[in-house]
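A closer look at the structure
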Amino acid sequence: MEKDAPHILLINPWIHDFAAYDFWAKPLGLLTIAAILRAHGYSVTHIDCLDRFHPKLAQPQKTGEFGKGHYLKSPIPKPESLPDVARTYSRYGIPEALFRKSLEQGPKPDLVLVTSLMTYWYPGVFALIKIVREIMPEVSVLLGGIYATLCHDHAAKHAGADQVLSGADEGVLLDLLDGMTGFATRRQFVSDDLDTYPYPAFDLQHAIPYVPILTGRGCPFRCAYCASGFLNSQFTRRSPAHVIEEIVDLHEKYSVKDFAFYDDALLIDGDRHVMPILEGVIRRGISVRFHTPNALHIRPITKEVADLLFRAGFKTIRLGLETAFFDHRETLDSKVGPREFERAVSYLKKAGFEEGQMGAYLLFGLPGQKIEELKASIKIVKDCGVRPVLAQYSPIPHTALWEDAVSASRYDLASDPLFHNNSIFPCQKEPFSWEKVSLLKKLTQ
Ligand code: SF4
């Protein structure tokens, strides 16, 4: 480590929740910031509290299909504000003692950056910041990420960080860090040109069993239940060549086989984006597998796109259907129309995809949602030979559906982000019932 380079420690916090599973998740935003800081001469270290592959874990975690898997889980007391939820609440991720040891034994940082994800996971963030404060009280802690952006005032009031940052502008962050550390850097990238960004620093992780990948940021749609437009006001993309090089580089350097696209709008404008990316990967002759946990848009799936997805090595396809009912759907979204789902599925099947590879997300727990409609949607999806995947709705501040969610909830949603937790079906008046949920989940099988 250079003597005069400030040292920034970047931390991905624990998840505190009733359930969590690793669907190819990595702290992409944090690892991108790490790469940018390194490229500008900073020293960086990283602690990932969700690291399933930490070499000091007493029991190495089992890896599931394509690299997915369970996080280590330690039951903890349930938040007092959720007495009506009869489920075990847990900390997911590395044991607290291992986190403390990593902090105590690692090089002392000049500054700590903590990221955050779902709004209702903030207790894991707070617990972590408290420990950082206890072990290194003189070091400033900056909190960013999705919770910090969506619930800025809550985070500023309660998180215990020195600063809470909103938004995803790495240029603003770099200026802030330069100012706080007195380190003078010259900007090596352009904020709205993603091709000028370095690749996320996956090498900071203990293992790279899979890689989540973003070929762009944002989405041209504005669905009423989604915060994509608030988190990324612009729809920006990398060039196909930049994406192909990253995939080939990770495959050749680290033998990565599984890549999960986390784009909000991977297939939009496919002729100029996803098609050249996939054709490029095929031309390079590498054997990789692709997954789409964040759902693909249905409308752009033409025969050509379906064929290319199959030839390029997509193994799990998730489709963003949300509901198979189209009466008044425009109040929710306009991303899919009648018959488009059936048409897309027929193209995917003809391309070679088997039933077990395809799933369609159906939103469950929307304000005012009729269970009969959900049951009928499940049947329509199954009749097409696709697995219905229930996506439990989480109310999100700054979305068009937020006010409806607040009115429909049995909780005071605005008072505490814990109430946004989709596991507790916050937008229903009656308390959470395992029986009802299990019954619906059974219908999807
Ligand atoms: S299309 Fe998907 S990512 Fe875009 S706004 Fe709708 S739900 Fe969000």
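Refer to the preceding data block for the structure.
The text that follows walks through the structure, step by step, so that each part is easy to find. (Residues numbered from 1 in each chain as written. Predicted model: local features only at pLDDT ≥ 70, side-chain atom pairs only at ≥ 80, totals over all residues. Heavy atoms only, no water.)

1. Side note on the overall build of the chain
Counting its secondary structure elements, the chain contains 14 helices and 16 strands. The C-alpha radius of gyration of the chain comes to 22 Å, within 12% of the 22 Å expected for a compact globule of 445 residues. On the principal axes, the C-alpha backbone points of the chain span a range of 65 × 55 × 40 Å. For the chain, the residues scored as buried account for 57% of the 445 residues in total. Across the chain, the fraction of contacts at a sequence separation of at least 24, relative to all contacts at a separation of at least 6, is 73%. When the accessible surface of the chain is split by element, carbon and sulfur atoms take 52% of a total near 19600 Å². (Helix = DSSP H or I, 4+ residues; strand = E, 2+ residues; numbered from the N terminus. Rg over C-alpha atoms; globule rule 2.2 N^0.38 Å. Buried < 20%, exposed > 50% of the residue type's maximum accessible area, 1.4 Å probe, protein only. Contact = heavy atoms within 4.5 Å. Areas by Shrake-Rupley, 256 points an atom, 1.4 Å probe, with all protein chains shown as cover.)

2. Details of helix α6 (residues 170-181)
Spanning twelve residues, α6 covers 16 Å between terminal C-alpha atoms, matching the ideal 16 Å at 1.5 Å per step. For α6, every residue scored as buried is listed here: Glu170, Gly171, Leu173, Leu174, Leu177 and Asp178. Down the axis, α6 shows its buried residues gathered within 160° of arc, on one side only. Exposed side of α6, more than 90 degrees from the buried face: Val172 and Gly179 are the residues found there. Contacts made by the buried residues of α6 are with α1 (28-39), β6 (111-114), β7 (140-143) and β10 (216-217). Of the residues that open α6, the one with a side-chain oxygen 2.8 Å from the backbone nitrogen of Gly171 is Asp169. Looking one or two residues past α6, Gly182 carries a phi angle of roughly 75°, positive in sign. (Expected span 1.5 Å × (residues − 1). Arc of directions from axis to C-beta. Polar contact = N/O pair within 3.5 Å; in protein donor to acceptor, adjacent residues only side chain to side chain.)

3. A look at the site of the ligand
Surrounding the ligand, one finds Cys219, Phe221, Cys223, Tyr225, Cys226, Ser228, Asp264, His297 and Lys335. Looking at the shell around the ligand, its residues break down into five nonpolar, two polar and two charged. (Near = heavy atom within 4 Å. Nonpolar A, V, L, I, M, F, W, Y, C, P; charged D, E, K, R; others polar.)

4. Things to note about the packing of aromatic side chains
Counted according to the given criterion, the structure contains 16 aromatic pairs. Where Trp14 meets Phe99, the ring centres are 5.2 Å apart and the plane angle is 70°; that geometry is what we call edge-to-face. Of this pair, Trp14 sits in the loop between β1 (7-12) and β2 (15-17) while Phe99 sits in helix α2 (residues 96-105), and the two are 85 residues apart along the sequence. For the residue pair Trp14 and Phe99, the accessibility class agrees, reading buried in each case. (Phe/Tyr/Trp six-rings, centres within 6.5 Å; stacked < 30°, edge-to-face > 60°.)

5. Thoughts on the packing of α2 against helix α3 (residues 122-135)
Relative to each other, α2 and α3 sit at 40°, their axes nearing to 11 Å. Here α2 lies oblique to α3, going by the angle between them. As for the relative orientation of α2 and α3, their crossing is right-handed in sense. In this structure, α2 contributes Glu96, Phe99, Arg100, Leu103 and Glu104 to the contact, and α3 contributes Leu128, Ile131, Val132, Glu134 and Ile135. (Axes fitted to C-alpha atoms, helices over the stretch in contact; angles between N-to-C directions. Parallel < 35°, antiparallel > 145°, perpendicular 65-115°, else oblique. Left-handed = near helix turned anticlockwise from the far one by under 90°.)

6. Comments concerning unusual backbone geometry
With a phi angle near 55°, Asp269 is a residue other than glycine that sits in the positive phi range. Here the phi dihedral of His328 falls at roughly 60°; this positive angle occurs in a residue that is not glycine. One can find His328 in the loop between β14 (314-322) and α11 (340-351). The exposed category is assigned to His328, whose relative accessible area is 61%.

7. Regarding the packing of α1 against α6
The contact between α1 and α6 brings their axes to 11 Å, and the two run at 55°. When the interaxial angle is binned, α1 and α6 end up oblique. The way α1 lies across α6 gives a crossing that is right-handed. Contact residues: α1 offers Thr32, Ile33, Ile36 and Leu37, while α6 offers Glu170, Leu173, Leu174 and Leu177.

8. Details of the environment of Leu413
Note on placement: Leu413 falls in the loop between α13 (402-408) and α14 (434-443). C-alpha separation for the pair Leu413 and Cys427, spaced 14 residues apart in sequence, amounts to 9.1 Å. With near-sequence residues (within four places) excluded, Leu413 lies in contact with Pro395, Trp402, Ala405, Val406, Phe419, His420 and Pro426.

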